[in-house]
Amino acid sequence: DTVKKVTNLEKKGEIIKTFDVTDSEPQSQFYQFICGVVTGCDFNQQTVSLAGGKSVPYVKLCVATGARPNVIYPNNPHVMGIRDTESVQELQSRLRNCKHITVVGNGGIASELVFAAKLCHVSWIIKDQTITTVFVDSVASKFLLDSLWERRHDDEKSSVSKRQIYSTKVTKESSGVLGSALGPDWYNGYSLAGASSSKKLEIEYGCEVASVDTCTEGSEFNLNVTLTNGIKLQTDVLVSATGVIPNSDLFKRQLEISENDRGIIVNKRMQTNIPNVFAAGDICTIPWKECEYWKQMRLWTQAMQQGFYTARSMTASEDETIEPDMSFEIFTHCTKLFGFKVVMLGRYQEWEGSECYFRITPGVEFIKLVVSNGRVQGALLVGETELEEVMENLILNQMDISSLGESILDPNIDIDDYFD
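Computed from a prediction, not measured in an experiment: that's the story for all the values here.

About the thresholds
- Residues numbered from 1 in each chain as written.
- Predicted model: local features only at pLDDT ≥ 70, side-chain atom pairs only at ≥ 80, totals over all residues.
- Heavy atoms only, no water.
- Pairing = 2+ DSSP bridges.
- Helix = DSSP H or I, 4+ residues; strand = E, 2+ residues; numbered from the N terminus.
- Axes fitted to C-alpha atoms, helices over the stretch in contact; angles between N-to-C directions.
- Buried < 20%, exposed > 50% of the residue type's maximum accessible area, 1.4 Å probe, protein only.
- pLDDT = per-residue confidence, 0-100.
- Contact = heavy atoms within 4.5 Å.
- Phe/Tyr/Trp six-rings, centres within 6.5 Å; stacked < 30°, edge-to-face > 60°.
- Lys NZ or Arg CZ within 6 Å of the ring centre and 35° of its normal.
- Right-handed = clockwise from strand over helix to strand, strands pointing away.
- Polar contact = N/O pair within 3.5 Å; in protein donor to acceptor, adjacent residues only side chain to side chain.

Notes on the sheet that holds strand 5 (residues 55-57)
Note: strands within a sheet are paired through backbone hydrogen bonds, in either parallel or antiparallel orientation. Reading across from one edge, 3-4-5 is the order of the 3 strands in this open sheet, with antiparallel pairing throughout. Each edge of the open sheet carries a strand with a single partner, namely strand 3 (38-42) and strand 5. Here the strands of the sheet are splayed against their neighbours by 20° on average, with no regard to which way each runs. As paired strands, strand 3 and strand 4 (residues 47-50) are joined by 4 bridges and run antiparallel to one another.

Here is the structure:
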């Protein structure tokens, strides 16, 4: 009965924007809101069928059904995924009586949950050798991990236990009805506090969950978890933050679906293979690429950009030329990880033949530029660097910075003024 609303929208560059996402009552004199569960679509008659027998006609249709958590062991009542407001509220309720929580996954949701959870023992299971590899490389991972134990919630005492020596070697790039996906800073406003007197974090690297079994009645914990490295854990709840699956099952016999990720394939106008039917957000797969500095990731920022562009396409005439806007020219994403503002721009993961410039102030900021042939190709900015706009411009304009080299990150040089 609520819709997601973007608030506090701030423009940080030509494309980079920061914003909050809130739930609000559907109120508008320009739109009609229908609350219901879609059971099918008749693309010949151009109608959408709802549970209860209601049929809604359309002239043009946009499928924006998002994605659902790819939960491991989904039939176990003590295993859950995090995707929408309701699931966060459920986690908050469960945590009140928890002393041990296990988090599986190495992306944004897992990283933020590990940071936000307090007053409990947290076991973080990741299949990689470094944390948060979905977004950052091993050097940035070390910066975040080193800062993690220093950033405490409500001045509580935390400890970080690492079973494996941390490597700083740079790596190469490599069904129910759910609510809308969570936006940035999803844990704000929630108390993700357990039932212990302090927080303890243990990270299990390079392994996955081998089995999950429910404990016998009367046990202190709810689950016995065995990892592929042989370690056994007992935990109250396991949160599976292991990616998402596009909600395309309803359309798999009618729309063209990607075999790789199960998203609905769209063309450069965000159209599907059916006339007058479009798709945007996590549900869609974009096989085309306008620029080498852009890639598709199922993120709130891209969902918003695709929504704007799809609206333009849907309202244009068939013979009108519609070209992808600037948001498809460079990958941009602004989020928070472990309390730090994180901005990702362009090709921020290095590749063979590229070089990286770093500026690292432990606990304060981490700046990485990926440079090729004297031109900035990508940037990863952690902390309040205030460099996102100038780096975005350097990537888009491809200005030659060979004369500056690594001194471009000298804190004594005001590069904003230099390039203005």
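Regarding unusual backbone geometry
Most peptide bonds take the trans form, and the phi angle of most residues other than glycine is negative. Its identity as a non-glycine residue notwithstanding, Asn 276 has a phi of 70°, on the positive side. Among the structural elements, Asn 276 can be located in the loop between strand 18 (264-265) and strand 19 (277-279). Even without a glycine there, the phi angle at Asn 373 is positive, about 55°. With respect to the helices and strands, Asn 373 occurs in the loop between strand 24 (365-372) and strand 25 (375-382). Residue classification places Asn 373 among the exposed positions, given a relative accessible area of 68%.

Overview of the confidence of the model for the protein chain
Looking at the protein chain, pLDDT values average 87 and 90% of them are 70 or higher. Ignoring residues within four places in sequence, the model shows residues 153-176, a span with pLDDT below 50, making 54 contacts including any to other chains.

Considering the packing of aromatic side chains
A full pass over the atoms with the stated rule returns 10 aromatic pairs. A centroid spacing of 5.3 Å and a plane angle of 65° characterise the contact between Tyr 309 and Phe 328, whose relative ring orientation is edge-to-face. Of the two residues, Tyr 309 sits in helix 4 (residues 300-315) while Phe 328 sits in the loop between helix 4 and strand 21 (332-337), which places them 19 residues apart along the sequence. Summarising the aromatic geometry, the rings of Phe 358 and Phe 366 are spaced 5.9 Å apart at their centres and angled 65° between planes, so their arrangement reads as edge-to-face. For Phe 358, a relative accessible area of 34% gives the class partly exposed. Members of the aromatic cluster, each reached through a chain of ring pairs, are Phe 143, Phe 340, Phe 358 and Phe 366. Above the face of the Phe 331 ring, Lys 295 is positioned so that its terminal group lies 5.5 Å from the ring centre. Cation over ring: Arg 347 sits above Trp 351, and NZ or CZ is 3.6 Å from the ring centre.

A short note on the pairing of strand 9 (residues 100-104)
A large share of strand 9 lies buried, amounting to 5 of its 5 residues. Pairing of strand 9 with strand 10 (residues 121-125) involves 5 bridges; the strand directions are parallel. From the neighbouring strand, Thr 102 faces strand 10, where its bridge partner is Ser 123. Once you follow strand 9 into helix 2 (residues 108-116) and on to strand 10, the crossover reads as right-handed. In this sheet, strand 16 (residues 237-240) lies alongside strand 9 in parallel orientation, the contact comprising 4 bridges. Bridge pairing in strand 16 places Val 103 opposite Val 239.

Details of the side chain of Ser 327
Counting through the fold element by element, Ser 327 comes out in the loop between helix 4 and strand 21. One polar contact links Ser 327 to Asp 325, side chain to side chain, over a distance of 2.4 Å. Dropping the residues within four chain positions of it, Ser 327 is found in contact with Ile 15, Trp 294 and Gln 305.

Quick look at the sheet that holds strand 21
Taken in spatial order, the 5 strands make up an open sheet running 21-22-25-24-23, and their pairing is antiparallel. At either end of the open sheet lies a strand with only one pairing partner, and these are strand 21 and strand 23 (355-361). Going across the sheet, the axis of each strand differs from the next one's by a mean of 15°, ignoring polarity. Both strand 22 (residues 340-346) and strand 25 contribute to a ladder of 5 bridges, which runs antiparallel. Bridge pairing links Val 342 to Val 382 in strand 25.

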